[in-house]
Amino acid sequence: MNIAGELGIVYALLGAAVAVLFAGCGSAIGVGIAGQAASGVVTEDPSKFAKVLIIQLLPGTQGLYGLLVGFITLSKIGILGGGTADVSVSTGLLILAACLPIGIVGLLSGIAQGRTAAAAIGIVAKKPEQFGKAMLFPAMVETYAILALLVSFLAVNGIQV
Amino acid sequence: MSNTKYTYAVARIRALEVSLFSDAVIGQLLACRTAEEGLRFVMEKGWGDVSGGVDMDAVLKREEEKTWEVIRDVAPDMSVFDVVSYPKLYHNLKAAVKEVCTEKRTPGIFYDDCDIPGSEMLRIIENREFSKLPGNMGRVAEEALETLLHTRDGQLCDIMIDKAALDAICEAGRRSGEPIIENYADTTVAIADIKIAVRSHKTGKSGDFMRSAMAECRSVNVEQLIRAALAGEEEIARYLEGTSYAGGADALRESPSAFERWCDNRMTETLKTQKYDTFSVGPLLGYLIARENEIKTVRIILTGKQNGFPDDAVRERIREMYV
């Protein structure tokens, strides 16, 4: 097997891995932080379970965005279809670069959203009637994950293999 | 991400803050005609235990225990709360030293909801197992016991232990590494120093006496405070005006109880900002102090009603609520 000749596909796969791994880690950490806060509230007041669960899930979307970009990348390079495409090194690097936005922004925004969600769970703990407003604060962080998803999605789609 | 160890604890405290008494609830309690009616009112709010009966002291003691049970349950590291638990620990030491020296046993003089409960402290002092006490406490206990045995001067023994307690609080604040705990410890020591200055002035104590009783802290200069105390109460108030305790100067001129109230309110005011923090130990400390203040306020109101004090006299002593 000629490793140098396969480098293109290696870079492309690395791109898919970056998207899924980093964004997934961001979500896992974020959901974990929010989950700690949710557990604290439910320990004292189990009736708030549904509300805090919804807020806890908000940082989970980054992982899904990473998964989406990962799927598109795998599909683009033919891994999913069974017939691996002939990917040059430059195309492989382009795909890796295209995957970076959702990977990096997914990681950081997932953590930030988790912290905001934990604070928002504090609002629900004290004023459950303000649930709608409490949802908005972590949802704001989502904007930047969506922007990164958009760029990664368009970039991966735009690369000709 | 590294500072998320209090996330669970803070969220749980947020849920518990809902049940803290607001100023409106305290107003309702004040409106109760008798102490019994007041006690029933707080018990309807969940105070005390179903099996505990309707004894005021038992209800209030149970509430203190409940607060510490919650903190012990949620706090990942109890050592940061040394600043709050040390007064009880050193009280137990003081009581144990006196019990051992006088060879008398008085029931109900110990706190049991602290690291070393009364019975254990008494055993340690009786057997002179000073090494079992934390930090400098062993050395202080030994000195205090020897002093009391040789001089029979209870006040000297009290001063030694009280000063050691203040030093330990200051040191625990620094050791915690948490700015809010350090600030709390410093304020606690500073307020204790100010109270010592006021009482020493009223009882005509010397500068050396005050020096042996006061502990060093950041926000108050002990030497300046002693000089002010030797010059008179007005001088103490004037000195306070130049410190971060300026608001206390007017309270001090008003009355000692107004000053005590101001001290507690200032602490509550400082801790109120912690209601908006999500990832630090601050909300836990805020809740703990808020509960202690709440219990103190309920005790003042119920005791006032028991002894037939006029509402205005009781109202003057009521603390500001945390929520």
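For the structure itself, look to the data block above.
Scoring rules and cut-offs
- Residues numbered from 1 in each chain as written.
- Chains lettered and ligands numbered in written order.
- Predicted model: local features only at pLDDT ≥ 70, side-chain atom pairs only at ≥ 80, totals over all residues.
- Heavy atoms only, no water.
- Helix = DSSP H or I, 4+ residues; strand = E, 2+ residues; numbered from the N terminus.
- Buried < 20%, exposed > 50% of the residue type's maximum accessible area, 1.4 Å probe, protein only.
- Contact = heavy atoms within 4.5 Å.
- Phe/Tyr/Trp six-rings, centres within 6.5 Å; stacked < 30°, edge-to-face > 60°.
- Axes fitted to C-alpha atoms, helices over the stretch in contact; angles between N-to-C directions.
- Parallel < 35°, antiparallel > 145°, perpendicular 65-115°, else oblique.
- Left-handed = near helix turned anticlockwise from the far one by under 90°.
- 1 Å grid on protein atoms, 1.4 Å probe; cavity = no way out; pocket = protein on both sides within 12 Å on 5 of 7 lines; lining within 4 Å.
- Points joined across faces, edges and corners; volume = space filled by probe spheres on them.
- Nonpolar A, V, L, I, M, F, W, Y, C, P; charged D, E, K, R; others polar.
- Expected span 1.5 Å × (residues − 1).
- Salt bridge = Lys/Arg side-chain N within 4 Å of Asp/Glu carboxyl O.

Draft legend 1. Expanded view of the overall build of chain A. The number of helices and strands found in chain A is five helices and zero strands. What you see in chain A, going N to C, is helices and strands ordered as α-α-α-α-α. Principal-axis analysis of the C-alpha atoms places the extent of chain A at approximately 60 × 25 × 20 Å. Buried positions account for 42% of the 161 residues belonging to chain A. A fraction of 87% describes how many contacts in chain A between residues 6 or more apart in sequence connect residues 24 or more apart.

Draft legend 2. Local environment of the packing of aromatic side chains. All names here are of chain B. According to the stated counting rule, one finds four aromatic pairs over all chains in the structure shown. With a centroid separation of 5.9 Å and an interplanar angle of 80 degrees, the aromatic rings of Tyr 86 and Tyr 90 are classed as edge-to-face. A residue pair is termed a helical-turn pair when its members lie 3 or 4 positions apart in one helix, as Tyr 86 and Tyr 90 do in helix 5 (residues 82–102) at four residues. Members of the aromatic cluster, connected to one another through ring pairs, are Tyr 245, Phe 259 and Trp 262.

Draft legend 3. Focus on the packing of helix 2 (residues 49–57) of chain A against helix 5 (residues 131–158) of chain A. Residue and element names in this part refer to chain A. Where helix 2 meets helix 5, the axes come as close as 10 Å, and the angle between the chain directions of the two elements is 15 degrees. Relative to helix 5, the element helix 2 is oriented roughly parallel. Judged by the sense of rotation from one axis to the other, the crossing of helix 2 with helix 5 is right-handed. Contacts between helix 2 and helix 5 involve Lys 51, Ile 54 and Ile 55 on the former and, on the latter, Phe 131, Ala 134, Met 135 and Pro 138.

Draft legend 4. Examining empty space enclosed by the protein more closely. Residues and elements named next belong to chain B. The full count for this structure, using the stated rule, is one cavity of 30 Å³ or more. In this structure, the largest cavity is lined by Leu 20, Phe 21, Thr 268, Ala 290, Asn 293, Glu 294, Glu 320, Met 321 and Tyr 322. Element by element, the count of residues in the lining of the largest cavity is highest for helix 15 (residues 282–306), at three residues. When the residues that make up the lining of the largest cavity are grouped by side-chain class, the tally is five nonpolar, two polar and two charged.

Draft legend 5. The arrangement of helix 5 of chain B in detail. Residues and elements named next belong to chain B. Here helix 5 contains 21 residues, and its C-alpha end-to-end distance of 29 Å stays within 8% of the 30 Å for a straight helix at 1.5 Å per residue. Helix 5 sits mainly inside the fold: 17 of its 21 residues count as buried. Immediately downstream of helix 5, the backbone of Glu 103 shows phi near 55 degrees, a positive value.

Draft legend 6. Layout of the pattern of salt bridges. Residue and element names in this part refer to chain B. Here the structure, examined in full by the defined rule, presents 40 salt bridges over all chains. The salt bridge partner of Arg 175 is Asp 82, with a shortest N-O separation of 3.2 Å. Taken together, the residues span a long stretch of sequence, with Arg 175 in helix 8 (residues 154–176) and Asp 82 in helix 5 at a distance of 93 residues. Put simply, Arg 218 and Glu 182 hold a salt bridge, and the shortest N to O gap is 3.4 Å. Highlighted residues: Arg 218 in the loop between helix 10 (207–213) and helix 11 (222–231) and Glu 182 in helix 9 (residues 179–203), separated in sequence by 36 residues. Each of Glu 234, Glu 235, Arg 238, Glu 241, Asp 250 and Arg 253 takes part in salt bridges that share partners, so that together they form one network.

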